[in-house]
Amino acid sequence: MAEIHVDVRGETCPVPLVEMRKAVRRAQPGDVIEIVGTHPASQKEIPMAVEALALELLAVEGEPDNWVIRIRR
Amino acid sequence: MADRTTIVVASGDMDKLYSALIIANGSLSMGMEVSLYFTFWGLERLKKGGLEKGALSKMHMLGLGKLFMNWRMRKANVASLQRLLNDFKELGGKIIACEMTMEIMGVTRDSLQEDLIDEYGAVGAYIHDARQSNITLFI
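Not measured: the values here are computed from a predicted model.

**Quick notes on the pairing of strand β3 (residues 56–63) of chain A**
Residues and elements named next belong to chain A.
Then step 1. As judged from the seven bridges shared by β3 and strand β4 (residues 66–72), these two strands associate in the antiparallel manner. Its bridge partner being in β4, Gly62 is matched across the sheet by Trp67.
Then step 2. Between β3 and the antiparallel strand that follows it, β4, lie two residues.

Below is the structure:
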């Protein structure tokens with residue numbers, strides 16, 4: 001299983017969400033995607049997208065302006 | 001079938017095009033399909049070199065307001081319209097150009113960014129997508 005890293009620190013709406021989606025499209029089933037970012041709204045909306053896409057949310061860590069989210073496809 | 005968002009992009013104003021593309025890309029990112037139906041002044045933005053030419057819908061002030069807004073957006077690191085449009089296409093979004101607008105405004109296919117356009121259509125094309133959509137907007 002591969003691990004894909006996405007760095008969207010400094011990016012604002014809607015880029016973190018879009019980059020998450022692109023990474024999920026690249027990933028194989030079972031791969032883990034780790035996203036690091038600083039946009040507060042994205043920390044809330046990426047888990048919403050994970051639910052909508054029926055993926056597995058492994059972790060949401062850090063502060064609203066400095067977070068790490070881990071997803072399994 | 002996946003959930004769908006369908007947006008009529010009738011305005012060519014910069015801020016409204018941002019709204020349309022951000023909602024479109026948000027929808028794609030959350031697993032929906034998206035159709036953008038470009039008509040009237042919105043279609044002007046699909047002309048070659050036309051994407052960034054829209055005025056601000058309010059406080060444009062002969063371009064001063066737009067300069068200020070662009071400066072603020074650069075400071076906030078907001079993505080360009082070109083990047084949003086590239087992301088839209090990469091995530092599988094569909095663009096429909098209104099044929100009646102092309103006819104009445106004298107817009108030819110070769111004056112448009114044809115590589116972005118999936119379909120040339122009339123109101124039937126919009127209704128076909130809109131009636132299967134969970135979200136429809138007119139911007």
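**Some details on the confidence of the model for chain B**
Low pLDDT means the predicted coordinates in that region are not meant to be read closely.
Then step 1. Taken residue by residue, chain B gives an average pLDDT of 95. The fraction at 70 or more is 99%.
Then step 2. Both scores are given for the predicted complex: the pTM is 0.94, the ipTM 0.91.

**Description of the environment of Met1 of chain A**
Residues and elements named next belong to chain A.
Then step 1. With respect to the helices and strands, Met1 occurs in the segment before β1 (3–8).
Then step 2. Considered as a pair, Met1 and Pro14 are 13 residues apart in the sequence and their alpha carbons are 28 Å apart.
Then step 3. If near-sequence neighbours (up to four positions away) are discounted, Met1 is found in contact with Pro29, Gly30 and Asp31.

**What about the sheet that holds strand β3 (residues 94–98) of chain B?**
All names here are of chain B.
Then step 1. Judged by pairing direction, the sheet is parallel, and its five strands sit side by side in the order β4-β3-β2-β1-β5 without closing on themselves. A strand with exactly one partner marks an edge of an open sheet, and here the two such strands are β4 (119–121) and β5 (135–138). Ignoring strand direction, the axes of neighbouring strands in this sheet form an average angle of 20°.
Then step 2. When strand β2 (residues 33–38) meets β3, the two strands line up parallel, connected through four bridges. Residue Leu36 lies in a different strand from β3, and its bridge partner there is Ile95.
Then step 3. In this fold helix α6 (residues 123–130) packs onto β1 (4–9), β2, β3, β4 and β5, with an angle of close to 150° to the strand it touches most, β1.

**Remarks on the pattern of salt bridges**
Then step 1. Tallied over the full model, the rule gives 15 salt bridges over all chains.
Then step 2. A salt bridge links Lys94 of chain B to Glu119 of chain B; its shortest N-O distance comes to 3.6 Å. Note that Lys94 of chain B is positioned in strand β3 and Glu119 of chain B in strand β4, a separation of 25 residues in sequence.
Then step 3. With a relative accessible area of 29%, Glu119 of chain B lands in the partly exposed category.
Then step 4. Here Glu99 of chain B and Arg109 of chain B are joined by a salt bridge, their closest N and O atoms 3.7 Å apart. One end of the pair, Glu99 of chain B, is in helix α5 (residues 99–104); the other, Arg109 of chain B, is in the loop between α5 and β4, and ten residues separate them in sequence.
Then step 5. For Glu99 of chain B, a relative accessible area of 37% translates into the label partly exposed.
Then step 6. Several salt bridges converge on common partners, so that one network encompasses Glu11, Glu19 and Lys22 of chain A together with Arg83, Asp87 and Glu90 of chain B.

About the cut-offs
Residues numbered from 1 in each chain as written. Chains lettered and ligands numbered in written order. Predicted model: local features only at pLDDT ≥ 70, side-chain atom pairs only at ≥ 80, totals over all residues. Heavy atoms only, no water. Pairing = 2+ DSSP bridges. Helix = DSSP H or I, 4+ residues; strand = E, 2+ residues; numbered from the N terminus. pLDDT = per-residue confidence, 0-100. Contact = heavy atoms within 4.5 Å. Axes fitted to C-alpha atoms, helices over the stretch in contact; angles between N-to-C directions. Salt bridge = Lys/Arg side-chain N within 4 Å of Asp/Glu carboxyl O. Buried < 20%, exposed > 50% of the residue type's maximum accessible area, 1.4 Å probe, protein only.

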